[in-house]
Amino acid sequence: MPDATTESRLARLESRLEIQELAVLYGFYVDERDLDGLRELFCEDGSMSSEDGTYAARGVESVIATYERRFESLGASNHFTHGHVVRLDPDDPDRAVGLVAAHAEVHSFGTPMQVALRYKDVYRRTGGRWRFLDRCLSFMYYLPMADLATTFGRRDTVRMTDDRSPADWPEALFSSQGNSFLRTYDRHDR
C-alpha cells in the first residue's frame, strides 16, 4: 500500500485487532454460556452454519436458539483461538473475511472430548462495531480424549454423539474442491 495514508493504515490495523478480539470473545462467551454476549457478536441478519450441515441458523435469534440447544448437552468447555487470518475487503471498508484455527476441550454427553475447529467467517461493521455476518464451523476431529491417540488422522473422527461422522478437513484430503478456499485468505490487502 505505497500511497495509503498513515490514518487509513491505522484504521485498518484497528479493524483487524477488533475482529481478532471478536473471535476470542466468542470462545469466552461460549465457555461462560453468555447468550447476551453472543447475541452482541452477531449481526441481526447474521448466520451460524457448519460444513456438515448440522448447524444452519439464519438471523441472530435463530443463532442464539442454536446455542441454547447446544448448551443442553454440553458441560464445561474451554475454547482456544490459535491463529486468525483477517482480510479486509478493499472495496467495502465495513466488510472482511477471516479464517480461525481453534481447539476446544469440552464435556459433551458425559464424556471429556478434544476438538479441532476451524471457522470461516464473514464480518460486517455495523453500529460502529465489527460483528459476525456469517460463521461457518468445521471439524478435523471431535473425539473422546481417550480415543485421540488411536484415531487421529482417520476420516471418521467427528463424534458429537455416539455416531461417527467424517472430518471436514484437511480439505486437501477430504473435499472434492481441495484446499482452493485458501485463496480467499492468502492475498494481501490492497
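Rules and cut-offs
- Residues numbered from 1 in each chain as written.
- Predicted model: local features only at pLDDT ≥ 70, side-chain atom pairs only at ≥ 80, totals over all residues.
- Heavy atoms only, no water.
- Helix = DSSP H or I, 4+ residues; strand = E, 2+ residues; numbered from the N terminus.
- Buried < 20%, exposed > 50% of the residue type's maximum accessible area, 1.4 Å probe, protein only.
- Areas by Shrake-Rupley, 256 points an atom, 1.4 Å probe, with all protein chains shown as cover.
- Phe/Tyr/Trp six-rings, centres within 6.5 Å; stacked < 30°, edge-to-face > 60°.
- Lys NZ or Arg CZ within 6 Å of the ring centre and 35° of its normal.
- Polar contact = N/O pair within 3.5 Å; in protein donor to acceptor, adjacent residues only side chain to side chain.

Engineer: I'd like a rundown of the overall build of the protein chain, residues and numbers included.
Structural biologist: Helix and strand counts for the protein chain come out as 5 helices and 6 strands. Burial statistics for the protein chain: of 190 residues in total, 44% are counted as buried. When the accessible surface of the protein chain is summed, it comes to about 10100 Å², and 52% of that surface belongs to carbon and sulfur atoms.

Engineer: Give a description of the packing of aromatic side chains that names residues and reports values.
Structural biologist: Per the counting criterion, the structure on display carries 8 aromatic pairs. Ring geometry for Tyr26 versus Tyr119: centroids 5.5 Å apart, planes at 75 degrees, classification edge-to-face. Here Tyr26, found in helix α1 (residues 6-31), pairs with Tyr119, found in strand β5 (residues 111-126); they are 93 residues apart in sequence, far enough to count as distant. Taken individually, Tyr26 and Tyr119 each receive the classification buried, so the pair is uniform in this respect. Here the aromatic residues Tyr26, Phe42, Tyr67, Phe71, Tyr119, Tyr123 and Phe132 are joined through ring pairs into a cluster of three or more. Over the ring of Phe71 we find Arg33, and its NZ or CZ is 4.8 Å from the ring centre.

Engineer: Residues and numbers for the side chain of Thr66, please.
Structural biologist: Inspection of the secondary structure assignment puts Thr66 in helix α3 (residues 60-73). Here Arg69 takes part through its side chain, which lies 3.3 Å from a polar atom of the side chain of Thr66.

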